[in-house]
Amino acid sequence: MGKGVAYSTTEAAHLLNVRAESMSALAGDPGHFARRFEAEGGSPRGFAERRFFAAYLAEILNEAVESGCTELVEDEVVRASRAGEGWSLGFADGSTAQTDALVVAVGNQEPDTLPAFEGIGPRFVRNPWGDDARAAVAFLARSGGAALIIGTGLTMVDLALSLDAAGHQGRIVALSRRGLVPRSHADFDPAPIERDELPSGLRGTFRWLRKRSAQVGWRSAVDSLRPHSHALWQSLSRDEQRRFLRHTRPWWDVHRHRIAPEVAETVAGMIADGRLEIKAGRITDARDTADGLEVDYVRRGGSQLRTETFAYAFNSTGPLHSITRSKNPVLRSLLDASVVEPDHLGIGLRVGDDARAGPRLWAMGPLTKGRYWEITAVPDIREQAVAVADDITRELGK
């Protein structure tokens, strides 16, 4: 409870992608986690193990429970419907609960299905964070079989680390349309800017970013946009936002969402040793055979069809980006009853500035990406949590 997908890992190789000094769970105390990490021998500028951060979150959650103001229920909510001014929740075990307000904070959802792998059996791992993925990693470590990772972002990095930590010595191929890999964190001199120093529009912003990167370094330039990310996103037209998602997002993601230097070093070593290959291309077909999972793909910029056989393939294309395709039962019940609506981009729920998705209904985190875009990292979510809590307090008058 409280860990979510990202912090449920127990592997020491999985580190935070953000320095300890920026990972406080408390909006009013930005150094809260850094002090805890430092007390255990870490550095505020270091990258803690995710399992350590999970223990930190558990401590905070336990304090909330001990206060008597928070109750935890370990069950799955399968239905949410209006009940007067409040809500009625239906659980998987058949029980129900009535609430005055509802916050939907389900986080990132499982990747979408891939057409080429429709009908493929267990050799294709649809959820890279589930039990099937852990079993596949263990099998590959024992057998040394070849692994295909579809996607080359942060989830690919985690899977490569898991395979390496398990002792896998076989071949790993990571394939995406552009073959872009997350960049590494490194020390740099901050170069903050004011909002009025930035041009308007998507094209103008990225022209400015290229010029600024040449002056102060790309890390300084990218990070200087962080305080203004919500305002910048909301200043773009809908067409510009769609163009960003179609064409620009992959490059933004690998520079904005960086990995710890230690992680980058491990990945670079695996590539240098020939154990990990990064390829740009698109998959056209896949088949189960007696020898393994046979995959057809075309390299980017080419036309020649290539075929390779893998023991397992992992869907690491990133979280679901089409809210109407969600399989989450709570979201489905709300969407199917038209209680909530998809946002204008179809990637989350339509919400207002206060993250309200309806009367006495709030959404948080990735569900609000259409409104805020940068709303998946702890520094952003902790601020949103405070704002939502304050709004609930005002609404309920308690």
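Before any of the text, the structure's been laid out above.
These numbers were taken from a predicted model, which means no experiment stands behind them.

Colleague: Please clarify how a nonpolar patch on the surface should be interpreted in this entry.
Modeller: Judged by side-chain polarity, Met1, Val65 and Leu72 come together as a nonpolar surface patch covering roughly 240 Å² of accessible area. With respect to the secondary-structure elements, Leu72 resides in the loop between helix H2 (50–66) and strand S1 (77–83).

Colleague: Would you take a moment to explain helix H1 (residues 32–39) for this structure?
Modeller: Along an α-helix, a turn takes 3.6 residues, which lines up residues three or four apart on a common side. Listing the buried residues of H1 in full gives Phe33, Ala34 and Phe37. Buried positions in H1, seen along its axis, are confined to an arc of 100° and lie on one side of it. Each element contacted by the buried residues of H1 is listed here: H2. Where H1 ends, the next residue or the one after it, Gly41, has phi of about 95°, a positive value.

Colleague: Mind showing me how you'd approach the packing of H1 against H2 here?
Modeller: Helix packing geometry: the angle between the two helix axes and the distance between the axes. Running from N to C, H1 and H2 point in directions that differ by 120°, and their axes come no closer than 11 Å. Accordingly, the angle class assigned to the pair H1 and H2 is oblique. Two packed elements cross with a definite hand, and for H1 against H2 that hand is right-handed. Two secondary-structure elements touch here, H1 through His32, Phe33, Arg36 and Phe37 and H2 through Phe52, Phe53, Tyr56, Glu59 and Ile60. Tallied by class, residues from the contact of H1 with H2 come to six nonpolar, one polar and two charged.

Colleague: In this structure, what is going on with the nonpolar core? I would like to understand it.
Modeller: Looking at soluble globular proteins, one finds that nonpolar side chains tend to be buried together. Ranked by size, the top nonpolar core spans 28 residues in total, and within it Leu140, Ile149, Met156, Val263, Leu276, Tyr312 and Phe314 carry the most contacts. Contributing elements (two or more residues each) for this core: helix H3 (131–143), strand S6 (147–150), helix H4 (154–165), strand S7 (172–176), helix H9 (261–272) and strand S11 (312–315). Looking at this core element by element, the count peaks at six residues for H4. Residues within four places of Val263 in sequence aside, it is in contact with Ala13, Leu15, Val157 and Leu161.

Colleague: Please clarify how the sheet that holds strand S4 (residues 102–104) should be interpreted in this entry.
Modeller: Whether parallel or antiparallel, the strands of a sheet pair through hydrogen bonds between backbone atoms. Pairing within the open sheet is mixed, and its three strands lie in the order S4-S13-S12. Each having just a single partner strand, S4 and strand S12 (356–358) make up the two edges of the open sheet. Between one strand axis and the next, the sheet turns by 35° as a mean value, whatever way the strands run. Two strands pair when backbone bridges link them, and S12 and strand S13 (residues 361–363) are joined in this way by two bridges, in the antiparallel orientation. For Arg356, the partnering residue across the bridge sits in S13 and is Trp362. Sheet strands touched by helix H12 (residues 378–396): S4, S12 and S13. Its angle to S13, the strand with the most contacts, is close to 175°.

Calculation rules
- Residues numbered from 1 in each chain as written.
- Predicted model: local features only at pLDDT ≥ 70, side-chain atom pairs only at ≥ 80, totals over all residues.
- Heavy atoms only, no water.
- Patch = residues over 30% accessible without salt bridge, like charges linked within 9 Å, V, L, I, M, F, W, Y side chains within 5 Å.
- Areas by Shrake-Rupley, 256 points an atom, 1.4 Å probe, with all protein chains shown as cover.
- Salt bridge = Lys/Arg side-chain N within 4 Å of Asp/Glu carboxyl O.
- Helix = DSSP H or I, 4+ residues; strand = E, 2+ residues; numbered from the N terminus.
- Buried < 20%, exposed > 50% of the residue type's maximum accessible area, 1.4 Å probe, protein only.
- Arc of directions from axis to C-beta.
- Contact = heavy atoms within 4.5 Å.
- Axes fitted to C-alpha atoms, helices over the stretch in contact; angles between N-to-C directions.
- Parallel < 35°, antiparallel > 145°, perpendicular 65-115°, else oblique.
- Left-handed = near helix turned anticlockwise from the far one by under 90°.
- Nonpolar A, V, L, I, M, F, W, Y, C, P; charged D, E, K, R; others polar.
- Core = buried A, V, L, I, M, F, W, Y, C linked by side-chain atoms within 4.5 Å.
- Pairing = 2+ DSSP bridges.

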